[in-house]
Amino acid sequence: MSIVSWMVGTADGFLADAAESQFGAVASNTGTIVLLMVTLSLIGEARNADELAFVVGHEASHHILGHINRKSSAATMGAVILGGLASAYGGSNESIQTAQDFGAQFGARFYSKDWELEADYLGAIIALNAGYDPEHGAQFFARIPDPGDKILGSHPSNAARMAQVARAVADYRAGRVR
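In what follows, the accompanying structure is described.

In this section: the overall build of the protein. Summing up its helical and strand segments, the protein has eight helices and three strands in all. For the protein, the succession of helices and strands along the chain, N to C, is β-α-β-β-α-α-α-α-α-α-α. Relative to its 178 residues, the protein shows a buried fraction of 37%. A fraction of 69% describes how many contacts in the protein between residues 6 or more apart in sequence connect residues 24 or more apart. Accessible surface, the protein: about 10000 Å² in total, of which carbon and sulfur atoms supply 58%.

Written out as structure tokens, the structure reads:
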């Protein structure tokens, strides 16, 4: 069994250019340290401890479920496939690089909506086990811009996410998960 250290901190500079939102959170894995970073603006936007607990549980879930490593692998695979196709069709070095960049972006997003819902589910269970109310915490989604259901979007709709949290709480209360 490997030993992993966890660090939680703010990440304003790290997420300042996030396209989807002016505030956010992210989980990162260096192999031995798991970083859970939350922007100060997200902390300021949170209205209660339930919201913060849900966000931290959600981000921790990405690590627990292996999403961080799987996302990296999917990005690499996308880059290899599209870069290889561009090369096979005689593309220039520049067009091959562009294809690799696009492939990496596409690969990294391929399962991201599913992964977000999985992290919402487990994050709700984590928040419940820590003594917080994830349904109250998920009300955060009612106040942030809805990403909708875009084809290459990275997040599912806010309604789908709130429904996923409600499902997790119902399963927990019914004894189907702990």
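Next comes the rest of the write-up.
By the secondary structure assignment, Arg161 is in helix α8 (residues 158-173). Among all residues touching Arg161, those that are not within four sequence positions of it are His58, Glu116, Leu117, Asp120, Phe141, His155 and Pro156.

Okay, the nonpolar core next. With 15 residues, the main nonpolar core has Leu42, Phe54, Ala124, Phe141 and Val165 as its most contacted residues. Only α3 (49-64), α6 (112-129) and α8 provide two or more residues apiece to this core. Looking at this core element by element, the count peaks at four residues for α8.

This part is about the pattern of salt bridges. Counting across every chain of the model gives six salt bridges. Arg143 is the partner of Glu45 in a salt bridge, and the nearest nitrogen-oxygen pair spans 3.9 Å. Here Arg143 lies in the loop between α7 (134-137) and α8 and Glu45 lies in helix α2 (residues 40-45), a separation of 98 residues in the sequence. Overall, Arg143 belongs to the partly exposed group, its relative accessible area being 22%.

Within this structure, the stated rule accounts for one aromatic pair. On the numbers, 5.9 Å between centres and 85° between planes, the contact of Phe54 with Phe141 is edge-to-face. Of this pair, Phe54 sits in helix α3 while Phe141 sits in the loop between α7 and α8, and the two are 87 residues apart along the sequence. Judged by its relative accessible area of 6%, Phe141 falls in the buried class. Here the basic side chain of Arg178 rests over the ring of Tyr172, its NZ or CZ set 4.7 Å away from the ring centre.

Glancing now at a nonpolar patch on the surface. Residues Met77, Ile81, Leu85 and Tyr89 make up a contiguous nonpolar surface patch of roughly 480 Å² in combined accessible area. By the element assignment, Met77 lies in helix α4 (residues 67-88).

About the criteria used
- Residues numbered from 1 in each chain as written.
- Predicted model: local features only at pLDDT ≥ 70, side-chain atom pairs only at ≥ 80, totals over all residues.
- Heavy atoms only, no water.
- Helix = DSSP H or I, 4+ residues; strand = E, 2+ residues; numbered from the N terminus.
- Buried < 20%, exposed > 50% of the residue type's maximum accessible area, 1.4 Å probe, protein only.
- Contact = heavy atoms within 4.5 Å.
- Areas by Shrake-Rupley, 256 points an atom, 1.4 Å probe, with all protein chains shown as cover.
- Core = buried A, V, L, I, M, F, W, Y, C linked by side-chain atoms within 4.5 Å.
- Salt bridge = Lys/Arg side-chain N within 4 Å of Asp/Glu carboxyl O.
- Phe/Tyr/Trp six-rings, centres within 6.5 Å; stacked < 30°, edge-to-face > 60°.
- Lys NZ or Arg CZ within 6 Å of the ring centre and 35° of its normal.
- Patch = residues over 30% accessible without salt bridge, like charges linked within 9 Å, V, L, I, M, F, W, Y side chains within 5 Å.

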